[in-house]
Amino acid sequence: MSLNMAPSVGDEEDKRLSFQEQLELVKLPREGQTHRYMSTRSAYLPGSDFAKGKELPSFHSAAFGGHVYAQAGLAAYRAWRETEKEKGAQEHERLDIHTINGYFTRIGLATRPFIYTASPVTASRTFSTASVTACQPSVPSNSPSQDHYPLEDASLPLYPPAFTALLSFKLPEPDWDGTVSEQEPPPQERFASILSSRKPDEWLPAPPVDITGVVEIVGDDQVGTFPIADMKKVDMSEYNEGKPVHERRELLYYRLLKPLPDSEDPTSGYDANAHVLVHAFVADRNGLLMAGNHIGLGWSLGRAASLSYHFVMHVEAKAAVMREEDGWWIQEVWFPRAGRGRGIVESKIWSPRGVHVATEYQDGLIQGFGGKLLKEKDVQEAKL
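Criteria and thresholds
Residues numbered from 1 in each chain as written. Predicted model: local features only at pLDDT ≥ 70, side-chain atom pairs only at ≥ 80, totals over all residues. Heavy atoms only, no water. Phe/Tyr/Trp six-rings, centres within 6.5 Å; stacked < 30°, edge-to-face > 60°. Helix = DSSP H or I, 4+ residues; strand = E, 2+ residues; numbered from the N terminus. Buried < 20%, exposed > 50% of the residue type's maximum accessible area, 1.4 Å probe, protein only. Lys NZ or Arg CZ within 6 Å of the ring centre and 35° of its normal. Salt bridge = Lys/Arg side-chain N within 4 Å of Asp/Glu carboxyl O. pLDDT = per-residue confidence, 0-100. Contact = heavy atoms within 4.5 Å. Pairing = 2+ DSSP bridges. Axes fitted to C-alpha atoms, helices over the stretch in contact; angles between N-to-C directions. Expected span 1.5 Å × (residues − 1). Polar contact = N/O pair within 3.5 Å; in protein donor to acceptor, adjacent residues only side chain to side chain. 1 Å grid on protein atoms, 1.4 Å probe; cavity = no way out; pocket = protein on both sides within 12 Å on 5 of 7 lines; lining within 4 Å. Points joined across faces, edges and corners; volume = space filled by probe spheres on them. Nonpolar A, V, L, I, M, F, W, Y, C, P; charged D, E, K, R; others polar.

To continue, consider the packing of aromatic side chains. On inspection of all chains with the given rule, the structure shows 15 aromatic pairs. For the ring pair Tyr69 and Tyr309, a centre distance of 3.8 Å and an interplane angle of 20° mean the geometry is stacked. Residue Tyr69 is located in helix α3 (residues 65–86), and its partner Tyr309 is located in strand β9 (residues 301–313); the two are separated by 240 residues in the primary sequence. Judged on exposure class, the residue Tyr69 and its partner Tyr309 are both buried. Taken together through their ring pairs, the aromatic side chains of Tyr44, Phe64, Phe226 and Phe281 make up a single cluster. In this arrangement the basic side chain of Arg106 is found over the ring face of Tyr159, its NZ or CZ atom lying 4.0 Å from the centre.

Attention shifts here to unusual backbone geometry. Not every positive phi belongs to a glycine, and His148 is a case in point at roughly 50°. Tracing the backbone through its elements, the reader meets His148 in the loop between β5 (127–135) and β6 (163–170). By relative accessible area, which is 52% here, His148 ends up exposed. A positive phi is found at Arg340, a non-glycine position, where the angle reads about 55°. Among the structural elements, Arg340 can be located in the loop between β10 (329–339) and β11 (342–350).

Moving on to the pattern of salt bridges. The full count for this structure, using the stated rule, is 18 salt bridges. Asp147 is paired through a salt bridge with Arg41; the nearest N and O atoms lie 3.0 Å apart. Here Asp147, found in the loop between β5 and β6, pairs with Arg41, found in the loop between β2 (34–39) and α3; they are 106 residues apart in sequence, far enough to count as distant. The class of Asp147 is buried, set by a relative accessible area of 14%. According to the relative accessible area criterion, Arg41 is buried, its value standing at 16%. We note a salt bridge from Glu84 to Arg81, for which the minimum N-O separation is 2.5 Å. Of this pair, Glu84 and Arg81 both sit in helix α3, three residues apart, which is roughly one turn of the helix.

Most of helix α9 (residues 287–294) sits inside the fold, with seven of its eight residues counted as buried. Along α9, the residues classified as buried are Gly287, Leu288, Leu289, Met290, Ala291, Gly292 and His294. Gly296 lies just past α9 and shows a positive phi near 95°.

Moving on, we get to the confidence of the model for the protein chain. Chain-level pLDDT for the protein chain is 91 on average; 89% of the residues reach the 70-or-more range. Segment residues 1–13: pLDDT under 50, and 32 contacts once partners within four positions in sequence are set aside and those in other chains are kept. This model gives residues 371–384 a pLDDT under 50, and the stretch forms 18 contacts once residues within four places in sequence are excluded.

As a further point, take the sheet that holds β11. Picture the strands of a sheet paired through backbone hydrogen bonds; they go either parallel or antiparallel. The strand order across the open sheet built from 12 strands is β1-β2-β4-β5-β6-β3-β9-β12-β11-β10-β8-β7, with neighbouring strands paired in antiparallel fashion. The open sheet has two edge strands, β1 (25–31) and β7 (229–233), and neither has a second partner. Geometrically, the sheet is characterised by an average inter-axis angle of 25° between neighbouring strands, direction not taken into account. Examined bridge by bridge, strand β8 (residues 250–256) and β10 share five bridges and lie antiparallel to one another. Within β10, the position partnered with Leu252 by the bridge is Gln331. Running over the sheet, helix α8 (residues 272–283) touches β3 (96–104), β7, β8, β9, β10, β11 and β12 (356–368) and is turned about 155° from β9.

This next bit is on α8. Over its 12 residues, α8 runs 18 Å from end to end, which matches the ideal 16 Å to within 8%, given 1.5 Å per residue. Those residues of α8 that fall on the buried side of the exposure criterion are Ala272, Asn273, Ala274, His275, Val276, Leu277, Val278, His279, Ala280, Phe281, Val282 and Ala283. N-capping of α8 is provided by Asp271, with a side-chain oxygen placed 2.9 Å from the backbone N of Asn273.

We now examine the environment of Thr117. Within the secondary structure layout, Thr117 lies in strand β4 (residues 115–122). The spatial distance from the C-alpha of Thr117 to the C-alpha of Cys135 is 8.7 Å, given a sequence separation of 18 residues. When residues no more than four places from it in sequence are discounted, the contact partners of Thr117 are Thr34, His35, Arg36, Ser131, Val132 and Thr133.

It is worth spelling out empty space enclosed by the protein at this point. This model, assessed by the stated rule, comprises one cavity of 30 Å³ or more. For the largest cavity, the calculated volume is near 30 Å³. In terms of lining residues, the largest cavity is bounded by Arg16, Pro205, Ala206, Val223, Asp230, Met231 and Arg285. Of the residues that constitute the lining of the largest cavity, the class distribution is four nonpolar, no polar and three charged.

Looking now at the layout of surface pockets. Empty space among the atoms can be located by rolling a probe the size of a water molecule over them. Its boundaries defined by the atoms lining it, the largest pocket holds a volume of some 980 Å³. If you trace the largest pocket, you find 38 residues lining it, with His60, Ala62, Ala304, Ala305 and Ser306 closest to the centre. For the lining of the largest pocket, the elements supplying multiple residues, two or more each, are α3, α9, β9 and β12. Of the residues assigned to the lining of the largest pocket, the class counts are 25 nonpolar, nine polar and four charged. As a volume, the second largest pocket reaches approximately 830 Å³. Around the second largest pocket sit 31 residues that line it, and Asp210, Lys233, Asp235, Ser237 and Glu250 are the ones nearest its centre. Tallying contributions element by element places helix α6 (residues 212–218) first for the lining of the second largest pocket, with five residues.

Here's what the structure looks like:
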């Protein structure tokens, strides 16, 4: 196990955007029962944020999928909240995000806004659903910086949908009989000997692009500009050594970069459900890339892209709130299946107190080149 210590986030953290900055939406005119919103900031582009002197040729132009996934969830949730307000729902009658079932149908461009349309599908007192679709303009943004998108971008012609999802909302309930709540032991117990070997913030940063060959070239100390959450990757190499892929684990610590409201605030439009979306945003990072490393494509990964992503909450939204004083959350990741050019990524979201809060299930493309994309001599030359 490497004993390298992670550098302080310092100035890099100051440059990274908060949830409110990265995923803020501007409301557009409503069309009947369809609510419309537009993103205001460019999506994170993995690999565009290596430190000066460590830059690599661009791998792709595809935006981080967690951006549209979480922002679509925010659009659908705000549409649902508006529906509840129109019906006069009281605070104790409001539903929380229960599941997000998303499908990626077109590459998202980091330099153009997303236009969201969200509509209620079914409605009942305790369980309801809403659909959301995300499109992007088929022509460049009116913004010279390709960021801070102006309102007139909402009138540009659109490509077919890049993403679509069905969300379910559920009324919070206590455990049955007030006592029944079962889960496996948390990673804080199962991996105690590893996690106790250093403090959470002493682990190396989660790589901007977690592909073995890329990390070898740029180094394992790259913080990057990944927004919303600070993430640390636990070194699980000794634990995973010799195990079949489906038994291996990756652990990532994370916490908010900046505070996020957790109660109903009419001025901000955020509540505890925004924290649910933070977990969904974080859980999408690097999963398919890590899967590629484990199945032997760390030096020859040709393509990795999400097809479907399902996120299930097991508790009420308030139990997902991330407070600085509570400490670091843990994402536990594993890879149960790979084949036919695709792979499965599963993960569990664990609270600092060891509560299994949510589960992620993702299916995506994981495809390699015929030969090695990077060779050892290329790594040595790049380091010179």
